2 protein chains.
Amino acid sequence: MSVGIRHDDLRRRNRAMVLSAVRRTGQPSRTEIAATTGLSHSTISAISSDLIQEGILAESKPSETASLKRGRPQVGLALKPEAAAVVTVVLSLNFLSVAVIDYAGQVIAEEQRRLDTLTMPRDELIGECTAIVRRRLDDPDLDVGSVARIAMGIQGITDSHARAMLWSPITPLTDIPFADILEKEFGIPATMENDCNMMAVALQWRDPERYRDNFIAILLSHGIGMGLVLKGELFTGTHSSGGEFGHMIHRPGGALCRCGRRGCVEAYAGNYAIWRSAMKMSEDAEPVDVGDADMRALAAKARETDGAEREAYRRAGEALGFGLGSLFALIDPAPVAMVGVSAAAFDLIEPALREAIAQTAGGQHSKSISFDTEPNELPLIREGCAIRALTFVDQEIFASGVQARAGGKNVA
Amino acid sequence: MSVGIRHDDLRRRNRAMVLSAVRRTGQPSRTEIAATTGLSHSTISAISSDLIQEGILAESKPSETASLKRGRPQVGLALKPEAAAVVTVVLSLNFLSVAVIDYAGQVIAEEQRRLDTLTMPRDELIGECTAIVRRRLDDPDLDVGSVARIAMGIQGITDSHARAMLWSPITPLTDIPFADILEKEFGIPATMENDCNMMAVALQWRDPERYRDNFIAILLSHGIGMGLVLKGELFTGTHSSGGEFGHMIHRPGGALCRCGRRGCVEAYAGNYAIWRSAMKMSEDAEPVDVGDADMRALAAKARETDGAEREAYRRAGEALGFGLGSLFALIDPAPVAMVGVSAAAFDLIEPALREAIAQTAGGQHSKSISFDTEPNELPLIREGCAIRALTFVDQEIFASGVQARAGGKNVA
DNA sequence: CAGTATTTTTTCGAGGCTCGAAAAAAAGCC
DNA sequence: GGCTTTTTTTCGAGCCTCGAAAAAATACTG
């Protein structure tokens, strides 16, 4: 069961709170931290002094507005970039990208590579992933604190403990324990994250005003994915990354989905489904990959003339609307971010979506449900992975101050 | 943001842990508590000694098996029944029931009453609820510790903070802030809970083996409701009690639902929907109340002959199956408890349900999804309310030992 | 039946942590 | 240069948990 809380947990948690405050706020003063955490000035002083000695935080130069107030000026605390580093690995259709990020969140190296993920055999795919990470880690130009965490993101389903890819549209392979593979290869803790979950994490980071406690990130791309944040926490399934919004049932026994089943939301709203419908192909037609350029052309045509193209987007909107309606019946309405290439065609989707959602219980306040769009998902995924990894370093490594301290007594 | 953890929180949390261990386990010894909480024997000794002095716990007589082991016998700790009491109020269709429950969880008084909830005006409904509680509290026969909490449960939607009934099928009235009303009337903290959520709480309590971290309780009655536990926590919507499984969309634009919309799961699987279908009425026919006896007769007939009745249950199963499939796409499969009068007809529902669920992404392991049935929901709801209220007393009142202690120095 | 072994519970001192108050530090203001 | 204001550090007090040892309560053993 839940375990009692010990005396040393206290310090650990409060250190974690300080680190989290610094990461969120940028350069808060000790006084500001005391205010947001509710801890006393003495405690914050003690903790930050420790963290500075351990090389995790640093006092930032007085900088900026040379203080207009009188009294002793606040001195900002900042994350020390060289305290650690993390690596992000994002694997998507035919594309692999890696970045090394310092403790303060700055990208200090990256590499990208095209591969044929759909046909690659298992060993080769794994090999490419480890090789690209190794190249970055071995790069002699890179002077970086020890890498403390690797976060890999992938399109597809991962397990709920963020250890393995279970299924992915980008490869016929299944059940690849990437986290274990990376940990074994590099001796660095690693996780295997779901792409849409990372999108949600990044959105929360980018715009905490809008995306705070409850919101939904929906990927409109070849497939339909979702990242869900409820009560400030990333939602996952009981076994898998969960949130397979695209495979909720829109019409029982309906159009053929890429997953082999029928009537899923994705079978109406995925790129291939929109394409299939616009080309007046049968709903049973085998899903095909459609390039981003083709999708943009399709959207342009739909805007131009009222034909099968526009109707295809309308149907996609309807499927998304009823799907969202069912989702909202479960969790209540929340702000939505539409991400991915088809989010750029959201103008074509929105009317039917709103009409559908208004017919559902969850859409009672259809008007008040707000949508935002972001056509490019890859930067979001990388950013989410970076934040995930850095937060792990904050909370799980640096919070438990079992650091060096071997320096000696040259302390003030 | 999240607030720092202070020094006094420590004791409070550990006291809460001890109380929770005693409530769950029954009569654990100090040693057992130390083992399950991970706290040291010294700490448990200190805390339990405090709790005993404060009149919250009591040492139980050595009792039972006069110890077969050698060594000093363990002495069990038990909740002291007279330490406090709670009141549960369950309001359902034409029925109001109240119970007074002691701190150890025993029912010590109850009262039930029939009312015409559907036609009652607002003041009268509220008046009946407060009057029945007042009668129990004023009962001179009742010698009970001070009542520390009232938990009211109702069929329908409540807000996510458990303060008010927002909408209910048992009355045309809406937005009744029962928690505030009861608090104001009796000066006792109160909550307004959703019936299905309380069913889930009770199931978790009754059978923690099966219903532990992830499970679903579905009410099959006039309407279709759901209580959902994920990662050990009761799931609620962002604004409301949420989990309106019955109003997920099964067939866009389909059969008329009691909520006024079309195609909801409930419009196929609610009692009125099964009845409507069995009677070969139109899907647009206005929903009517069907008595439990009629439903049982209907089920009997469906078992007897393969006619419209059996087909009606088949359709209900299909709707529930596709709904569960969509739900499982979001949260992954989990054990299900079917509760309510139509759960007694689950044999008629199950085949079509399983067939439908197998056609969905969430039903990949359809065979492994297990169902249990419980035809009577009212006892579950009351039990859930009681546990809710008692847990509140444990965690929020007794954990922060701002108790009497006025006694003096007559301590050992 | 007295002594010994075993297990549970309590006691006691040590070590940490947070807090409030006061002191120290670092500015601007007059 | 002295005074005010604000931030940060220092210091002692008060709790809390922990480990070790003592005390308590029983069964076993010869």
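Residues numbered from 1 in each chain as written. Chains lettered and ligands numbered in written order. Predicted model: local features only at pLDDT ≥ 70, side-chain atom pairs only at ≥ 80, totals over all residues. Heavy atoms only, no water.

Okay, the nonpolar core next. Counting residues in each nonpolar core, the largest one holds 95 residues, and the members touching the most others are A:L324 and B:L324. Apart from residues no more than four positions distant in its own chain, A:L324 is found in contact with A:I216, A:I218, A:F245, A:M338, A:L353, A:I357 and A:F371. (Core = buried A, V, L, I, M, F, W, Y, C linked by side-chain atoms within 4.5 Å. Buried < 20%, exposed > 50% of the residue type's maximum accessible area, 1.4 Å probe, protein only. Contact = heavy atoms within 4.5 Å.)

Here we come to the pattern of salt bridges. One pass over the structure, following the stated rule, counts 54 salt bridges over all chains. Among the salt bridges present, the one from A:R354 reaches A:E350, with a minimum N-O distance of 2.9 Å. Here A:R354 and its partner A:E350 are both found in helix α11 (residues 346–358), 4 residues apart, which amounts to about one turn of the helix. Here A:E350 falls in the partly exposed class, since its relative accessible area comes to 25%. With a shortest N-O distance of 3.4 Å, B:E311 and B:R315 are connected by a salt bridge. (Salt bridge = Lys/Arg side-chain N within 4 Å of Asp/Glu carboxyl O. Helix = DSSP H or I, 4+ residues; strand = E, 2+ residues; numbered from the N terminus.)

Rotating chain B by 180° and moving it 0.0 Å along the rotation axis overlays it on chain A with an RMSD of 0.1 Å. Expressed as an axis order, the relation between the two copies is that of a two-fold axis. If distances are taken from each C-alpha of chain B to the rotation axis, the shortest is found for B:R251, at 3.2 Å. Here 100% of the interface residues in chain B have copies in chain A that are interface residues too; the copies meet face to matching face. (Least-squares fit on C-alpha atoms with pLDDT ≥ 70 in both.)

Let us now look at the pairing of strand β9 (residues 190–194) of chain A. All names here are of chain A. Burial runs high along β9: 5 of the 5 residues are buried. Here β9 shows two buried faces, one formed by A190, M192 and N194 and the other by T191 and E193. Bridge count for strand β6 (residues 147–154) against β9 is 5 bridges, and the pairing is parallel. Bridged to G153 within β9 is E193. (Pairing = 2+ DSSP bridges.)

With that out of the way, let us pick up the protein's contact with DNA strand D. By nearness alone, 30 residues border DNA strand D, and A:R6, A:T31, A:S45, A:Q74 and B:T43 come closest of all. At the protein interface, 71% of the atoms of DNA strand D within 4 Å belong to sugar or phosphate. For DNA strand D, a sugar or linking oxygen lies 2.7 Å from a polar atom in the side chain of B:R70. Between DNA strand D and B:G71, the relevant distance is 3.3 Å, taken from a base oxygen to a main-chain nitrogen or oxygen of the residue. When residues of the surface near DNA strand D are traced back to their parent elements, those giving at least two are α2 (30–37) and α3 (41–53) of chain A together with α1 (7–25) and α3 (41–53) of chain B. (Near = heavy atom within 4 Å. Polar contact = N/O pair within 3.5 Å; in protein donor to acceptor, adjacent residues only side chain to side chain.)

Okay, the interface of chain B and chain A next. Counting residues at the interface gives 50 residues for chain B and 50 residues for chain A. Taken together, the two surfaces of chain B and chain A that pack against each other cover about 4,400 Å², and 57% of this comes from carbon and sulfur. When the buried surface of chain B facing chain A is broken down by residue, B:I5, B:R261 and B:L330 rank first, second and third, together holding 15% of it. Counting across the chain B and chain A interface gives 0 salt bridges. Counting across the chain B and chain A interface gives 23 residue pairs in polar contact (both at pLDDT 80 or more). (Buried area = accessible area lost by both parts, 1.4 Å probe.)

Okay, the sheet that holds strand β5 (residues 107–114) of chain B next. Residues and elements named next belong to chain B. Taken in spatial order, the 5 strands line up as β5-β4-β3-β6-β10 in an open sheet, and their pairing is mixed. Here the strands that pair on one side only, and so sit at the sheet edges, are β5 and β10 (190–194). Strand-to-strand, the axes of this sheet are offset by a mean angle of 15°, without reference to chain direction. Alignment of strand β3 (residues 85–92) against strand β6 (residues 147–154), held across 7 bridges, turns out to be parallel. Bridging from a neighbouring strand, V89 pairs with M152 of β6. Sitting on the sheet, helix α5 (residues 178–186) is in contact with β3, β6 and β10, with an inclination near 155° to β10. Each of β3, β4 (95–102), β5, β6 and β10 is contacted by helix α12 (residues 377–398), which is oriented at about 145° to β3, the strand it contacts most. (Axes fitted to C-alpha atoms, helices over the stretch in contact; angles between N-to-C directions.)

So, on to the packing of aromatic side chains. Counted according to the given criterion, the structure contains 6 aromatic pairs over all chains. A ring pair is formed by A:F346 and A:F371, whose centres lie 5.2 Å apart and whose planes are at 45°; its orientation type is tilted. Residue A:F346 is located in helix α11, and its partner A:F371 is located in strand β14 (residues 371–374); the two are separated by 25 residues in the primary sequence. Accessibility assignment for this pair places A:F346 and A:F371 in one class, buried. Ring centres 5.1 Å apart and planes at 70° place the aromatic pair B:Y103 and B:F398 in the edge-to-face group. Within this pair, whereas B:Y103 is found in the loop between β4 and β5, its partner B:F398 is found in helix α12, the two being separated by 295 residues in sequence. Judged by relative accessible area, which is 6%, B:F398 ranks as buried. (Phe/Tyr/Trp six-rings, centres within 6.5 Å; stacked < 30°, edge-to-face > 60°.)

Looking now at the sheet that holds strand β9 (residues 174–176) of chain B. Residues and elements named next belong to chain B. One open sheet accounts for 3 strands, arranged β7-β8-β9; its pairing is antiparallel. The open sheet terminates on both sides in strands that have one partner only, identified here as β7 (157–158) and β9. Examined bridge by bridge, β7 and strand β8 (residues 165–167) share 2 bridges and lie antiparallel to one another. Pairing of I157 across the sheet is with W167, part of β8.

Moving on: the protein's contact with DNA strand C. Neighbouring residues of DNA strand C: 28 residues in total, closest A:T43, A:R70, B:R6, B:T31 and B:Q74. Taken together, the sugar and phosphate atoms account for 69% of what DNA strand C places within 4 Å of the protein. At 2.8 Å from a phosphate oxygen of DNA strand C is found a side-chain nitrogen or oxygen belonging to B:R30. Where the surface near DNA strand C is concerned, the elements lending two or more residues are α1 (7–25) and α3 of chain A together with α2 (30–37) and α3 of chain B. Among the residues forming the surface near DNA strand C, the class breakdown is 5 nonpolar, 14 polar and 9 charged. (Nonpolar A, V, L, I, M, F, W, Y, C, P; charged D, E, K, R; others polar.)

Right, let's get into the domain arrangement of chain A. All names here are of chain A. Entries for chain A in the domain assignment read domain 1 (7–79), domain 2 (84–199 + 379–398) and domain 3 (207–375). Taken together, the 7 residues of domain 1 in the interface contact 6 residues of domain 2. Roughly 720 Å² of surface becomes buried between domain 1 and domain 2 when both sides are summed, with 52% attributable to carbon and sulfur atoms. On the domain 1 side of the contact with domain 2, L19, R23 and I56 bury the most area, a combined 62% of that side's loss. At the boundary of domain 1 with domain 2, the tally comes to 1 salt bridge. The partner of R23 in a salt bridge is D394, and the shortest N-O contact between them spans 2.5 Å. One can count 3 residue pairs in polar contact (both at pLDDT 80 or more) joining domain 1 with domain 2. (Domains from an automatic or database assignment.)

The subject of this paragraph is the packing of helix α6 (residues 195–206) of chain A against helix α12 (residues 377–398) of chain A. All names here are of chain A. Here α6 crosses α12 at 80°, and the two axes come no closer than 7 Å. Taken together, the axis directions place α6 and α12 in an arrangement best described as roughly perpendicular. Between α6 and α12, the residues in contact are D195, M198, M199, V201, A202, L203, W205 and R206 and E377, P379, L380, I381, E383, G384, C385, I387 and R388, respectively. Per-class residue counts for the contact of α6 with α12 are 11 nonpolar, 1 polar and 5 charged. (Parallel < 35°, antiparallel > 145°, perpendicular 65-115°, else oblique.)

This part is about the side chain of B:E318. In this fold, B:E318 is placed in helix α10 (residues 308–331). Within the structure, the side chain of B:E318 is placed 3.1 Å from the side chain of B:R251, a separation counted as a polar contact.

Right, let's get into unusual backbone geometry. Residues and elements named next belong to chain B. For N94, which is not glycine, the phi dihedral falls at a positive 60°. You can see N94 is positioned in the loop between β3 and β4. Assessed through its relative accessible area of 25%, N94 is described here as partly exposed. Positive phi is not limited to glycine here, since D175 has a value of about 50°. Relative to the assigned elements, D175 resides in strand β9.

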